[in-house]
Amino acid sequence: MSDMLKIGTSGVLAQRALLQTTSNNISNVNTEGYSRQRSIIRTNVLDQGTGVITTSRVINTYAERELLRDNARVGYYTAKTEGLSSIDSMLSSDATGLNPVISDLFASIQGANSAPTELSARNSLMGNLEVFTNRVNSIGNNIQEQYITNNRKILESVNRVNDLLESIYKFNSQIVESSTDTSSAAYLQMQDQRDHLIEELSEIIDIKTVDQPNGSCYVNMASGPTLVLGDGCATLAALPSSLDESEYQLGFTYNASRSYTMLSDDVGGKLGGYFDAGDSLREVQRSLGKLTVALADSLNKQNKSGITLENNAGDALFNFPETRVFTKSTTAGMTMSFMEGYAGNVTGKDYLIKINEDGTYALNEKNGNTLTEIFQGNTADLNGTITIPGLGFQLEVAGTPSVGDEFLIQPTANVSYNLSMKINRPEDFAFASVVRASENSQNLGNATISINGVTNTDATSAFSMEPSRSISGANFAASAPVKVVINATGDYEVYDTNDNLLGTTLASTKGGNILANMLSDVSDPDSRVYADPDMTPGYDFSITGTVRNGDSFSIELNTNGFADNSNGIMMQDLEQAQLVQGKINQTVSASYSDMVSNLGSTIAVSNVNLEAATAKRDQTLTITEESSGVDLNEEASNLVRYQQCYQASARIIAASQTVFESLMSALG
């Protein structure tokens, strides 16, 4: 009887445990992070009845680990797409993009050229020039605002990671303390809560977990460093770059009082997506700045090569402010400005100058953390104005750089939202050429002369119009090439204002680019008179047709030539000129289209990968739900079965009571 009572009692207790587990599963069917529990009853190996009852979570370890990887992929592509989509929409829209505005600008230049003396056409051009400037500013500001927003998300993500790491560590500690009863509800609940935090963490950074025998779980970054250990957790930080404080670098430490160990930005998850989105935004900023500089500088140069309605040499249409060079130096500072006429050499890259111990400095192209040396120079020469025409900019150095100093130059990063108009009157568009050419009426041949273009009117040119910049009363410099005479061999002899022979251009050139091909010694093809005719004398011309011995041609200042639009035509031709530097130089519109296309391709690839990653995560979630999720049908069936078992065990107890009472009655 005592055996029956013991067996029945153990059965009731066992079925009650099963009923409690099933009831707990049913009540938590909608609880986020809850894992289905299972109670296992073992037989009593020393006696009859049930023995040890253990309750544990039902976990598919492989699927859970795969889910962490899937979460990181989905988080990465979601964050990257989120950081770029709004900018892509802005750049590609006709209402907010740049290409329609560029087309309108050049259409208005063409319209003004058709009536170069009419103010109405010039006013229309002024309006389109202002629209272009405002649109460039607007796009640049929006990109910068998105970059700032993206940085804010990096900081928020890092803060959330730190909160999660600390919470995971605390749960680990509590789990270890409670490991004497691994079947308790509190123990199982803490494991669920910790794993739920780990799952959230996996969306922000790519992680791996290592389960420990004591129930705790170590958390490692997929790239290596351990974030949660048995005795503590790491702290992450988004640290401003030592030079450009708007650019963050990721670091971690196990002790906040110690220095941070720098990590790669390739951390996966949302955090990695935000870092990559920031890099893409910076690349768009630089590309936009590069094409803006190329167009604005070319328009500046061309307008300065012509004559206004008031007989003045033209001035720049746009202002480029000086750009501060980032440095931590305490002994020197730098500013950067673009070299007029060299915008075609601007690359859109960043550069770093490093001061070496051996008395030299190195100028490096900077691509992320990769430096490629361009050239070296003596540190002693790093003072005053340093011109770098090959890169399209110059530096103004103040003070004396010290060993170890670094200077970060970002030529095009901020151009788009700092560009401003300089011209403020329609009369100041310089559509007329500074010079005009004519043929001698007594020429025997039928050749004609045409000005190829004026490229420089400053002090280094052949014009004497400084400082007033007025062509009225101005003269050619004494050495200016102003007359061409054909000699007996058909060569083109060029003379200055005092009829001194400057040089000869061979007949074999057929009169093309006379000054660029002019030689001081016709027997020496390397004896060119002008090393750079675009600067000195600042103009060139060509003669086409049949020439005869003694034919002559003259160059003169184009005073009062207001109806002339030859310089305006050259300004108009800039629309199709390949102004923007690249592996293959491009027009401004083509460069902009490529920039938009590249960004669109990046987002398209990210969206495709996001779709694939989401589908993969859904498959993994299905697997984890099949094992860890609560199936109400299954639990309801178990509930009925356990109830029946409970009732049957209770009858064993009742039967033992009846037998006991019968025995007592029989004994008297």
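Residues numbered from 1 in each chain as written. Predicted model: local features only at pLDDT ≥ 70, side-chain atom pairs only at ≥ 80, totals over all residues. Heavy atoms only, no water.

Peer 1: Which residues make up the overall build of the protein chain, and what values do they have?
Peer 2: Counting its secondary structure elements, the protein chain contains 9 helices and 31 strands. With respect to the three principal axes, the spread of C-alpha positions in the protein chain is 160 × 55 × 45 Å. The 668 residues of the protein chain split such that 46% are buried. Considering only intrachain contacts with a sequence separation of at least 6, the fraction spanning at least 24 residues in the protein chain is 65%. In the protein chain, 43 positive and 77 negative side-chain charges are present, and the distance between their average locations comes to 8 Å. (Helix = DSSP H or I, 4+ residues; strand = E, 2+ residues; numbered from the N terminus. Buried < 20%, exposed > 50% of the residue type's maximum accessible area, 1.4 Å probe, protein only. Contact = heavy atoms within 4.5 Å. Lys, Arg positive; Asp, Glu negative; His and termini not counted. Charge placed at Lys NZ, Arg CZ, Asp CG, Glu CD.)

Peer 1: Go over the confidence of the model for the protein chain with me, naming the residues and quoting the values.
Peer 2: Put simply, the protein chain has an average pLDDT of 89, and 98% of its residues get 70 or more. Here strand β2 (residues 50-57) is the element of the protein chain with the lowest mean pLDDT, 75, and strand β28 (residues 492-495) is the one with the highest, 97. (pLDDT = per-residue confidence, 0-100.)

Peer 1: Go over the sheet that holds strand β19 (residues 393-399), please, and point to the residues and values.
Peer 2: Overall, antiparallel pairing links the 4 strands, which are arranged β12-β14-β19-β18 in an open sheet. The open sheet has two edge strands, β12 (323-324) and β18 (384-388), and neither has a second partner. In this structure, β18 lies alongside β19, joined through 5 bridges in antiparallel fashion. Looking across to β19, one finds that I386 is bridged to L395. (Pairing = 2+ DSSP bridges.)

Peer 1: Account for helix α3 (residues 99-114), with residues named and values stated.
Peer 2: For α3, which comprises 16 residues, the first-to-last C-alpha distance of 23 Å matches the rise-based estimate of 22 Å (1.5 Å per residue) to within 8%. Three or more residues of α3 are buried, namely N99, V101, I102, L105, F106, S108, I109, A112 and N113. Buried residues in α3 make contact with α4 (119-177), α6 (269-303), α7 (566-573) and α8 (588-628). (Expected span 1.5 Å × (residues − 1).)

Peer 1: An account of a nonpolar patch on the surface is requested, with residue identities and associated values reported.
Peer 2: A cluster of nonpolar residues, M4, I652 and V659, forms a patch on the protein surface that exposes about 200 Å² of accessible area. Looking at where M4 falls in the secondary structure, it is placed in helix α1 (residues 2-27). When its relative accessible area of 32% is taken as the criterion, M4 is described as partly exposed. (Patch = residues over 30% accessible without salt bridge, like charges linked within 9 Å, V, L, I, M, F, W, Y side chains within 5 Å. Areas by Shrake-Rupley, 256 points an atom, 1.4 Å probe, with all protein chains shown as cover. Salt bridge = Lys/Arg side-chain N within 4 Å of Asp/Glu carboxyl O.)

Peer 1: An account of empty space enclosed by the protein is needed here, citing residue identities and associated values.
Peer 2: Rolling a probe over the atoms, with the probe sized like a water molecule, indicates the empty space that remains. Taken as a whole and assessed by the stated rule, the structure comprises 1 cavity of 30 Å³ or more. Looking at the largest cavity, its volume works out to about 50 Å³. Around the largest cavity, the lining residues are F320, P321, T323, F338, N414, V415 and N418. (1 Å grid on protein atoms, 1.4 Å probe; cavity = no way out; pocket = protein on both sides within 12 Å on 5 of 7 lines; lining within 4 Å. Points joined across faces, edges and corners; volume = space filled by probe spheres on them.)

Peer 1: I'd like a description of the packing of aromatic side chains, backed by residues and values.
Peer 2: Following the criterion strictly, the structure yields 10 aromatic pairs and no others. Between Y76 and Y77, the ring centres sit 4.9 Å apart and the planes meet at 80°, which makes this aromatic pair edge-to-face. Measuring from ring centre to ring centre gives 5.5 Å for F320 and F338, while their planes differ by 65°; the resulting arrangement is edge-to-face. Residue F320 is located in the loop between β11 (318-319) and β12, and its partner F338 is located in strand β14 (residues 332-338); the two are separated by 18 residues in the primary sequence. For F320, a relative accessible area of 23% translates into the label partly exposed. By relative accessible area, F338 is classed as buried at 14%. Here the aromatic residues F463, F476 and Y539 are joined through ring pairs into a cluster of three or more. It is K483 that lies over the ring of Y495; its NZ or CZ is 5.6 Å from the centre. (Phe/Tyr/Trp six-rings, centres within 6.5 Å; stacked < 30°, edge-to-face > 60°. Lys NZ or Arg CZ within 6 Å of the ring centre and 35° of its normal.)

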